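# Structure assessment
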Number of protein chains: 4
Amino acid sequence: MGGTPARGNNSRKDDACARRREELLSAAAKVFARSGYPGTEVQEIAAACGLAKGTVYLYFPSKEELFLATVDRAMIRLCHHVRETCAGIDDPLDRLAAAVRSYFAFFQSNPEIAELLIIERAEYRDRKTPTYLEHKRENTKDWQEVYAGLIRDGRFRAVPVERISRVVSDLLYGTMFTNHFSGGQRTPNEQARDVLDILFEGLLTPAERETRASRERATVPAEQT
Amino acid sequence: MGGTPARGNNSRKDDACARRREELLSAAAKVFARSGYPGTEVQEIAAACGLAKGTVYLYFPSKEELFLATVDRAMIRLCHHVRETCAGIDDPLDRLAAAVRSYFAFFQSNPEIAELLIIERAEYRDRKTPTYLEHKRENTKDWQEVYAGLIRDGRFRAVPVERISRVVSDLLYGTMFTNHFSGGQRTPNEQARDVLDILFEGLLTPAERETRASRERATVPAEQT
Amino acid sequence: MGGTPARGNNSRKDDACARRREELLSAAAKVFARSGYPGTEVQEIAAACGLAKGTVYLYFPSKEELFLATVDRAMIRLCHHVRETCAGIDDPLDRLAAAVRSYFAFFQSNPEIAELLIIERAEYRDRKTPTYLEHKRENTKDWQEVYAGLIRDGRFRAVPVERISRVVSDLLYGTMFTNHFSGGQRTPNEQARDVLDILFEGLLTPAERETRASRERATVPAEQT
Amino acid sequence: MGGTPARGNNSRKDDACARRREELLSAAAKVFARSGYPGTEVQEIAAACGLAKGTVYLYFPSKEELFLATVDRAMIRLCHHVRETCAGIDDPLDRLAAAVRSYFAFFQSNPEIAELLIIERAEYRDRKTPTYLEHKRENTKDWQEVYAGLIRDGRFRAVPVERISRVVSDLLYGTMFTNHFSGGQRTPNEQARDVLDILFEGLLTPAERETRASRERATVPAEQT
DNA sequence: CATGAATGAGTCTTCATTCAT
DNA sequence: TATGAATGAAGACTCATTCAT
């Protein structure tokens, strides 16, 4: 019942098949993002590829699977995109900065993907871990190692790496969505600059930091829950 | 056609009517959050209040209006909640910290509201500005004044207040959702601590800050895009 | 279960009650005619009398009964109207002419009643003999006697009275409706003139009548089925 | 959305499609006539053709359109029927007589169509000119020419042709409906005979005509309103 | 492989009627 | 009597999915 036609010997067929899948997923991303999940008819997606409704079912067993594959592909593309950008950059801070810019740039170029993430959660609330989170988990470890290195090198404060990675990724996530909902008016560079400025330097002045530090020393040092 | 019954003198009726609206909105929030918008039958919401389907239509003209009223009420409650928490706190930094904790606490107590925000966006993509953003706009100004005061007092670095307010609210938003999607396992205090630590102190060590600052001074000062 | 309130001693109450029934029927005729049977809400009729929905059910047991009573009242008014017009007219031909004018005049003044007749048939197709026919039957006999008299007096050709009464009433019926559907533009006098001219004098010239009569005489005289 | 499937080249499909439309319209006429417009579920019509509800919507975009198409088809069939009957008849009077018989015969064979006309008016009161009237208008002109010819030939009295055509068509209309409501007991020939007898010869005797004519001559000649 | 006609489950909404006040 | 809040049956229409061609 629906899967992928021509899974066999003939590599020419396999190619054609994979290409069509890609085409369908690409069209699906746009249509789903524009019309929402319930608002999208399989027919529309088929039509966007010049195919008939029934043909879609030769490549995906159901609308649901088609949608989930669409989100999955989108997340894979996001990962690729960020990873490629970082590839040649040696300095970890520069790499982080590049990754941040790259993240925002990806969603600027593919705003429909922000919608897909929303829609996935709205429709598959309890059937599935959000694909975004799944992919995030994969990268978390790598970045935490980067953060640990930076701390070892005395470049980052000795903040728990889990905290760093959490705050960084939550901030990216929130910034991207807020910008998306506001019509995507800010450029990736603007977004990255704001984010990194505060992330790196914090908000407090050295004087205020000192004030707070001394006050803390005076308190019972049991607050570090 | 559909609005609110008993729009008249009788205050006892008016009361009962308002109470029932509340009851319906509260039930609606839970049901919509659990089952999604298309997955929710008006019937379920009615049943949750011990009412018949038709009765709901005496209070709200359509499922759509009911949903939007539900989101609106949720956002109003969020604002109230945060504002009340901050009420008696004089020190602006303490107030900000309290607001942050209060924000996370609200969503911990009302996890269904996070879902409503998602659902609203997923279903009303282009028909409506997200209610969340509408309410955020209202508060932004007040907080920006707070930030300006902190800068004037030499407690915050001279970062543009728009940037501060943007980064803070995006970080809250992202943290809340990520935590929610992960099952809401972290407490409001934990979330607030992580967020505020990095927000206030930044990630860099004093040494690294100095390195970066001097490097910047050396560069062509055209970076201020 | 719904009938008529205050069916008892108190004549003042009875009066008030009858008056209210009248009021309701009159309002109902207008609303039903404007909005059709399924398109009419009992609520509208009540509102038109300044009453609440529930009150209507004190006077009529159901929407259906209310409607049928409305049609019935309309037909009774039609009969009254025509009969009153004819009352003092001695010459049978003049009386017939007056009745015809009066019939058209009634529907000009009460165009909603034409609609009611349609609606009755459309909704109660097989549940009920059309009220119009019922009332017609009552009058048929009287008019047939008139026709018989006219034949006896040598003023009408010796056409079977059933035929006369049938043709006359069908022509009135058809003319009234056609005029009504066309927006009721022709006056009762115009309609009556056209109808009576042809009804009385026929279409053929004396010469043509003779031609046809002689041809008929030549044929086998078995055609009078 | 919803029109006719298979709008393309394939003539076999087109045929099947047209045939199915016909089938649906024919079934619809019967069901609508039996159960009324609101009383008819699209489902019933589908079932009458051995189809599923959804299939009907492939051929007609809505219940309303289906109904209107049903009435339209009925009127077209009426026109065809009458026109075919008249085709080979040269003598205008004979042709008129044939048309009248044919008209009654049509409704005897298709009594459901009388109902459709009622229902259309009852449901589409103000949305639409009755289809019957629309089709009548088309034929009126032709018949008026016939009447003019008869007058020129001295076979019809010099009655205005508009009056003739009005009276004739109103009489047919009224006769048809009255007979239909009475259970359609009279044959087309009986109906035609009664109608034509009086239409052609009128009701008055030659003597009475003379009386009236002389009386008229005596009156002030201002009566010609 | 591709098609698109056919299917029928699923849901919002209306409104006649009831009944507690 | 009068009210109007509450009820819940009823029905049009959509669209994912199937399958004969």
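Just so we're clear, the structure is a prediction, and the values are computed from it rather than from any experiment.

Here we take up the arrangement of the chains. Separating chain B from chain C is a minimum C-alpha gap of 12 Å, and the two share no contact. As for chain D relative to chain A, no contact occurs, and the smallest C-alpha gap between them is 12 Å.

The subject of this paragraph is the interface of chain B and chain A. Between chain B and chain A, the contact holds 54 residues from the first and 54 residues from the second. For the pairing of chain B and chain A, the buried interface totals around 5500 Å² over both sides, and the portion due to carbon and sulfur atoms is 54%. The interface formed by chain B and chain A contains 16 salt bridges. Ionic pairing is found between Glu-115 of chain B and Arg-121 of chain A, a salt bridge with its closest N-O pair at 2.2 Å. Where chain B touches chain A, the interface holds 35 residue pairs in polar contact (both at pLDDT 80 or more).

A few words now on the relation of the copies chain C and chain D. Once chain C has been moved 0.0 Å along the axis and rotated by 180 degrees, it coincides with chain D to within an RMSD of 0.2 Å. Within this description, the copies of the chain are treated as partners about a two-fold rotation axis. Most of the interface of chain C is mirrored in chain D, where 98% of its interface residues again form contacts.

Next up on the list: the pattern of salt bridges. Tallied over the entire structure, the rule returns 58 salt bridges over all chains. Residue Glu-210 of chain C is joined to Arg-217 of chain C by a salt bridge in which the shortest nitrogen-to-oxygen separation is 3.2 Å. Connected through salt bridges with shared partners, the residues Arg-157, Arg-163 and Arg-166 of chain A together with Arg-186, Arg-193, Asp-194 and Asp-197 of chain B form a single ionic network.

Next up on the list: the packing of helix H5 (residues 92–109) of chain B against helix H7 (residues 131–152) of chain B. Residue and element names in this part refer to chain B. Running from amino to carboxyl end, H5 crosses H7 at an angle of 155 degrees, the nearest separation of the two axes being 10 Å. Regarding the angle of H5 to H7, the classification is roughly antiparallel. Seen from above, H5 lies across H7 with left-handed handedness. Contacts between H5 and H7 pair Pro-92, Leu-93, Arg-95, Leu-96, Ala-99 and Tyr-103 from the former with Tyr-132, Trp-143, Val-146, Tyr-147 and Leu-150 from the latter. The residue makeup of the contact of H5 with H7, split by class, is ten nonpolar, no polar and one charged.

Moving on, we come to the protein's contact with DNA strand E. For DNA strand E, the set of nearby residues contains 37 residues, the closest of which are Arg-20 and Thr-55 of chain A, Lys-63 of chain B together with Arg-20 and Thr-55 of chain D. Among the atoms of DNA strand E lying within 4 Å of the protein, the sugar-phosphate backbone contributes 72%. The separation between a phosphate oxygen of DNA strand E and a polar side-chain atom of Arg-20 of chain D is 2.3 Å. Contributions of two or more residues to the surface near DNA strand E are made by helix H1 (11–35) and helix H3 (53–59) of chain A, helix H3 (53–59) of chain B, helix H3 (53–59) of chain C together with helix H3 (53–59) of chain D. Tallied by class, residues from the surface near DNA strand E come to 17 nonpolar, nine polar and eleven charged.

This part is about helix H5 (residues 92–109) of chain C. End to end, H5 of chain C covers 25 Å across 18 residues, agreeing with the expected 26 Å (1.5 Å per residue, within 8%). Taken together, the buried positions of H5 of chain C are occupied by Leu-93, Leu-96, Ala-97, Ala-98, Ala-99, Val-100, Ser-102, Tyr-103, Phe-104, Phe-106 and Phe-107 of chain C. As for H5 of chain C, its buried residues are in contact with helix H4 (63–86), helix H6 (111–123), helix H7 (131–152), helix H8 (161–181) and helix H9 (188–201) of chain C together with helix H10 (206–218) of chain D.

So, about empty space enclosed by the protein. Taken as a whole, this structure holds nine cavities of 30 Å³ or more when the rule is applied. Each pocket or cavity is described by its volume, and for the largest cavity that value is around 100 Å³. If you trace the largest cavity, you find 14 residues lining it, with Phe-181 of chain C together with Leu-117, Ile-118, Tyr-173 and Phe-177 of chain D closest to the centre. Sorting the residues of the lining of the largest cavity by element identifies H8 of chain C together with helix H6 (111–123), helix H7 (131–152) and helix H8 (161–181) of chain D as the ones contributing at least two each. Looking at which element gives the most residues to the lining of the largest cavity, the answer is H6 of chain D, with four residues.

All names here are of chain D. Note that Ser-102 resides in helix H5 (residues 92–109). For Ser-102, a relative accessible area of 4% gives the class buried. Discounting residues that sit within four places of it in the chain, Ser-102 has contacts with His-81, Val-82 and Thr-85.

Turning our eyes to something else, we now look at the relation of the copies chain B and chain A. Between the two copies, chain B and chain A, the superposition gives an RMSD of 0.2 Å; the rotation angle is 180 degrees and the shift along the axis is 0.1 Å. A high fraction, 98%, of the interface residues of chain B reappear at the interface in chain A, so the copies pair face to face through one surface.

The subject of this paragraph is the packing of aromatic side chains. The full count for this structure, using the stated rule, is 56 aromatic pairs over all chains. Taken together, a centroid distance of 5.6 Å and an interplanar angle of 25 degrees make the contact between Phe-177 of chain C and Phe-181 of chain C stacked. Within this pair, Phe-177 of chain C and its partner Phe-181 of chain C are both found in helix H8, separated by four residues, close to a single helical turn. Neither residue differs from the other here; Phe-177 of chain C and Phe-181 of chain C are each classed as buried. Grouping aromatic residues by their ring pairs yields a cluster made of Phe-32, Tyr-37, Phe-67 and Tyr-124 of chain A. One cation-aromatic arrangement involves Lys-63 of chain C over Tyr-37 of chain C; the distance from NZ or CZ to the ring centre is 4.5 Å.

Bringing the UniProt feature "DNA-binding region" (unreviewed entry) in chain A into the picture now. As recorded in UniProt, the sites labelled "DNA-binding region" (unreviewed entry) are residues 41–60 of chain A. The span residues 41–60 of chain A is 70% helical and 0% strand by assignment, and the distance between its end C-alpha atoms comes to 14 Å.

Residue and element names in this part refer to chain A. Examined at the domain level, chain A breaks down into domain 1 (1–61) and domain 2 (73–218). Summarising the inter-unit geometry, the C-alpha centres of domain 1 and domain 2 are found 33 Å apart. Taken together, the contacts link nine residues of domain 1 with seven residues of domain 2. For the domain 1 and domain 2 pair, buried surface summed over both sides reaches about 730 Å², with 67% attributable to carbon and sulfur atoms. Taken as a group, Ala-29, Ala-33 and Tyr-37 account for 55% of the area that domain 1 buries against domain 2, more than any other trio of residues on that side. Taken together, the connections running from domain 1 to domain 2 amount to one salt bridge. A salt bridge links Arg-73 to Glu-22; the shortest N-O distance between them is 2.9 Å. For the pair domain 1 and domain 2, the interface holds two residue pairs in polar contact (both at pLDDT 80 or more). A per-class count over the side of domain 1 that touches domain 2 returns six nonpolar, two polar and one charged.

Cut-offs used in this document
Residues numbered from 1 in each chain as written. Chains lettered and ligands numbered in written order. Predicted model: local features only at pLDDT ≥ 70, side-chain atom pairs only at ≥ 80, totals over all residues. Heavy atoms only, no water. Contact = heavy atoms within 4.5 Å. Buried area = accessible area lost by both parts, 1.4 Å probe. Salt bridge = Lys/Arg side-chain N within 4 Å of Asp/Glu carboxyl O. Polar contact = N/O pair within 3.5 Å; in protein donor to acceptor, adjacent residues only side chain to side chain. Least-squares fit on C-alpha atoms with pLDDT ≥ 70 in both. Axes fitted to C-alpha atoms, helices over the stretch in contact; angles between N-to-C directions. Helix = DSSP H or I, 4+ residues; strand = E, 2+ residues; numbered from the N terminus. Parallel < 35°, antiparallel > 145°, perpendicular 65-115°, else oblique. Left-handed = near helix turned anticlockwise from the far one by under 90°. Nonpolar A, V, L, I, M, F, W, Y, C, P; charged D, E, K, R; others polar. Near = heavy atom within 4 Å. Expected span 1.5 Å × (residues − 1). Buried < 20%, exposed > 50% of the residue type's maximum accessible area, 1.4 Å probe, protein only. 1 Å grid on protein atoms, 1.4 Å probe; cavity = no way out; pocket = protein on both sides within 12 Å on 5 of 7 lines; lining within 4 Å. Points joined across faces, edges and corners; volume = space filled by probe spheres on them. Phe/Tyr/Trp six-rings, centres within 6.5 Å; stacked < 30°, edge-to-face > 60°. Lys NZ or Arg CZ within 6 Å of the ring centre and 35° of its normal. UniProt positions renumbered as here; feature names shortened; annotations may be inferred. Domains from an automatic or database assignment.

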